[in-house]
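Architecture and fold: a report
Residue strings, one per chain:
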Amino acid sequence: LAQQGRDPDSMVRESCAITCRVAPSFLRVGHVDLFARRAGSKNATELQKQQLEKIVQHAIDREYSDTCSSGDLRERSLSMMHQFAERLAALTAGWIRVGF
């Protein structure tokens, strides 16, 4: 913008925009949900159930390793879900606070 002689700190009305999402991980809630739906169906295979366990374990190791380190996978999964709910509530409150 500076090269074009425009002030980069001033708001410019555009007809379209590109939004870039920056996050430390590409893992999303929808990924776990997808595997859970597959593994939870009445025709679920052993492979689908193993895949669900692996993605949940990955999510715990990647995002919640400092707080979900003890217990079996079920206990750690429940702990992760409680912590996730708290994080999501704080994030949503922040969005509402700024009018998003």
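Everything discussed here concerns the structure shown above.
Position labels on residues start from 1 in each chain and follow its written sequence. For this predicted model, a pLDDT threshold of at least 70 governs which residues receive local features, and a threshold of 80 or more governs which side-chain atom pairs are given and counted, while totals over whole chains, interfaces and linings are taken from all residues. Side-chain measures here rest on the full set of heavy atoms in the structure, leaving out hydrogens and waters.

1. So, the environment of Asp61
- Mapped onto the fold, Asp61 is located in helix H2 (residues 46–63).
- Separated by 23 residues in sequence, Asp61 and Arg38 have C-alpha atoms that sit 22 Å apart.
- Each polar contact in these results corresponds to two N or O atoms within 3.5 Å; when the atoms are within protein, one needs to be able to donate a hydrogen and the other to accept it, and residues that are neighboring in sequence are counted only if both atoms are side-chain atoms. Here Gln57 takes part through its side chain, which lies 2.8 Å from a polar atom of the side chain of Asp61. Numbering of helices and strands runs from the N terminus; a helix is a DSSP stretch of H or I covering at least four residues, while a strand is a stretch of E covering at least two.

2. Concerning H2
- To estimate how far a helix should extend, the number of its residues minus one is multiplied by 1.5 Å. For H2, which comprises 18 residues, the first-to-last C-alpha distance of 26 Å matches the rise-based estimate of 26 Å (1.5 Å per residue) to within 8%.
- Relative accessibility decides the category of a residue: with a 1.4 Å probe and only protein chains considered, values under 20% of the type maximum give buried, values over 50% give exposed, and everything between is partly exposed. If you check which residues of H2 are buried, you get Ile55, Val56, Ala59 and Ile60. Angular distribution of buried residues about the axis of H2 spans 140°; they occupy a single face of the element. Away from the buried face of H2 by more than 90 degrees, exposed residues Glu46, Leu47 and Lys54 are located.
- The secondary structure elements touched by the buried residues of H2 are helix H1 (29–40) and helix H3 (73–97). The arc in question is the one traced by the directions running from the helix axis out to the C-beta atoms. Any two residues whose heavy atoms approach within 4.5 Å are treated as being in contact.

3. Details of the nonpolar core
- Listed in full, the eight residues of the largest apolar core are Phe35, Ile55, Val56, Ala59, Ile60, Tyr64, Cys68 and Met80.
- Take this core: its biggest share by element is four residues, from H2.
- The residues contacting Tyr64, other than those within four sequence positions of it, are Ala59, Met80, Gln83, Phe84 and Arg87. The term nonpolar core refers to a set of buried residues drawn from Ala, Val, Leu, Ile, Met, Phe, Trp, Tyr and Cys, joined through side-chain atoms within 4.5 Å.

4. As for the pattern of salt bridges
- Between Lys or Arg on one side and Asp or Glu on the other, a salt bridge is scored when a side-chain nitrogen of the former is within 4 Å of a carboxyl oxygen of the latter. All chains considered together, the criterion is met by two salt bridges.
- Between Asp33 and Arg37 there is a salt bridge; the shortest N-O distance is 3.0 Å. Taken as a pair, Asp33 and Arg37 lie in helix H1 at a separation of four residues, close to a single helical turn.
- Under the relative-accessibility criterion, Arg37 is labelled exposed at 60%.
- Residue Arg62 pairs with Glu63 through a salt bridge whose shortest N-O separation is 4.0 Å.

5. Considerations on a nonpolar patch on the surface
- A surface patch of nonpolar side chains, amounting to about 550 Å² of accessible area, comprises Leu88, Leu91, Trp95, Val98 and Phe100.
- Along the chain, the position of Phe100 falls in the segment after H3.
- On the basis of relative accessibility, which here comes to 76%, the residue Phe100 falls in the exposed class. Only residues above 30% relative accessible area that lack a salt bridge enter a patch, with like-charged residues linked at up to 9 Å and the nonpolar side chains Val, Leu, Ile, Met, Phe, Trp and Tyr linked at up to 5 Å. Residue burial considers only the protein chains on display, and all accessible areas are found by Shrake-Rupley using a 1.4 Å probe.

6. A closer look at the side chain of Ser77
- Secondary-structure assignment places Ser77 in helix H3.
- By relative accessible area, Ser77 is classed as buried at 15%.

7. Brief notes about H3
- An ideal rise of 1.5 Å per residue puts 36 Å on 25 residues; H3 measures up with 36 Å between its terminal C-alpha atoms.
- Along H3, the positions that sit buried rather than exposed are Arg76, Ser77, Met80 and Gln83.
- For H3, the secondary structure elements touched by its buried residues are H2.
- Immediately downstream of H3, the backbone of Gly99 shows phi near 80°, a positive value.

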